[in-house]
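Descriptive analysis of the structure
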Amino acid sequence: MRFIGDYQAKTDAKGRVFLPAAFRKILEAEGELTLIIRNDIFQKCLVLYPESVWNSQLDNLKSNLNPWNSKQQMILRQFIADAEVAELDSQGRILLSKKKLVYAGIEGEVRFLAMDDRIEIWSKQALDDLMSQSDDLGSNLEGLFGNE
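The following refers to the structure shown. (Residues numbered from 1 in each chain as written. Predicted model: local features only at pLDDT ≥ 70, side-chain atom pairs only at ≥ 80, totals over all residues. Heavy atoms only, no water.)

A look at the pairing of strand 7 (residues 109–115)
Counting buried positions along strand 7 yields 5 of 7 residues, so the element is predominantly enclosed. As defined by bridge partners, strand 1 (residues 6–10) adjoins strand 7 across 5 bridges and the pair is classed as antiparallel. Bridge pairing in strand 7 places glutamine 8 opposite arginine 111. Sheet topology places strand 7 next to strand 8 (residues 118–123); 6 bridges connect them, and they run antiparallel. The residue of strand 8 that forms the bridge with leucine 113 is glutamate 120. If you look at the hairpin formed by strand 7 and strand 8, you'll find 2 residues sitting between the two strands, and aspartate 116 has a positive phi there, around 70°. (Buried < 20%, exposed > 50% of the residue type's maximum accessible area, 1.4 Å probe, protein only. Helix = DSSP H or I, 4+ residues; strand = E, 2+ residues; numbered from the N terminus. Pairing = 2+ DSSP bridges.)

Considering the nonpolar core
Ranked by size, the top nonpolar core spans 21 residues in total, and within it Leu19, Leu48, Leu96, Ile106, Phe112 and Ile121 carry the most contacts. Secondary structure elements with two or more residues in this core: helix 1 (21–30), strand 3 (34–39), strand 4 (46–50), helix 4 (98–104), strand 7 and strand 8. If one sorts the elements of this core by residue count, strand 7 sits on top with 3 residues. Discounting residues that sit within four places of it in the chain, leucine 19 has contacts with Arg24, Leu27, Leu35, Leu48, Leu88, Gly92, Arg93, Phe112 and Ile119. Counting 9 residues, the second largest nonpolar core, distinct from the first, contains Tyr49, Val53, Trp54 and Leu58. (Core = buried A, V, L, I, M, F, W, Y, C linked by side-chain atoms within 4.5 Å. Contact = heavy atoms within 4.5 Å.)

Quick notes on the pattern of salt bridges
Across all of its chains, the model carries 9 salt bridges by this definition. The partner of aspartate 82 in a salt bridge is arginine 38, with the nearest N and O atoms 3.7 Å apart. Of this pair, aspartate 82 sits in the loop between helix 3 (70–81) and strand 5 (84–87) while arginine 38 sits in strand 3; the two residues are 44 residues apart in sequence, bridging distant segments of the chain. Across the pair, exposure class does not vary: aspartate 82 and arginine 38 are buried alike. Two residues, arginine 118 and aspartate 117, come together in a salt bridge whose shortest N-O distance is 3.0 Å. Among the charged side chains, a salt-bridge network with shared partners connects Asp6, Arg111, Lys124 and Asp128. (Salt bridge = Lys/Arg side-chain N within 4 Å of Asp/Glu carboxyl O.)

Focus: the environment of proline 50
One can find proline 50 in strand 4. Here the alpha-carbon distance between proline 50 and leucine 33, two residues 17 residues apart in the chain, equals 7.8 Å. Setting aside chain neighbours within four positions, we find proline 50 in contact with Met1, Phe3, Leu27, Glu32, Thr34, Leu35 and Asp117.

Quick look at the sheet that holds strand 5
Strand order in the open sheet formed by 6 strands is 1-7-8-4-3-5, with antiparallel pairing between adjacent strands. Since the sheet does not close on itself, it has two edges, and those belong to strand 1 and strand 5, each with one partner. Neighbouring strand axes in the sheet, compared pairwise and without regard to direction, differ in orientation by 30° on average. Sheet strands touched by helix 2 (residues 51–63): strand 3, strand 4 and strand 8. Its angle to strand 4, the strand with the most contacts, is close to 105°. (Axes fitted to C-alpha atoms, helices over the stretch in contact; angles between N-to-C directions.)

Read these as geometric descriptors, not functional statements.
Given below as structure tokens:
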């Protein structure tokens, strides 16, 4: 499953937001009815996982952790404790909890950014600011793949 695109939307007074139709279409085609949402570990945004992708991420994390190591178990605890189930309602909306809205600084306008097999949910202003500060994509790709 691969998502592409960058879409804008608005939350309502209850924190509900329409998931972009392009993303809903992919989820429906894959039979993914349950979504998992958690805070991103690097940025002040939210990450929306289809349940199968979440389960794969969790399996990958667990396979790299020692159940007899207290620090590693704390990593797992923190990763899971922050997750919430987010199901699409009959109108194609998800509910973002107050806690999630506050974490991501979302106050109305949001941007849904496809990140391969997951979707990031950003405050529109936060993502606009981040993207305007980013280095030139062409230069970065040249650095990764160029013949230097």
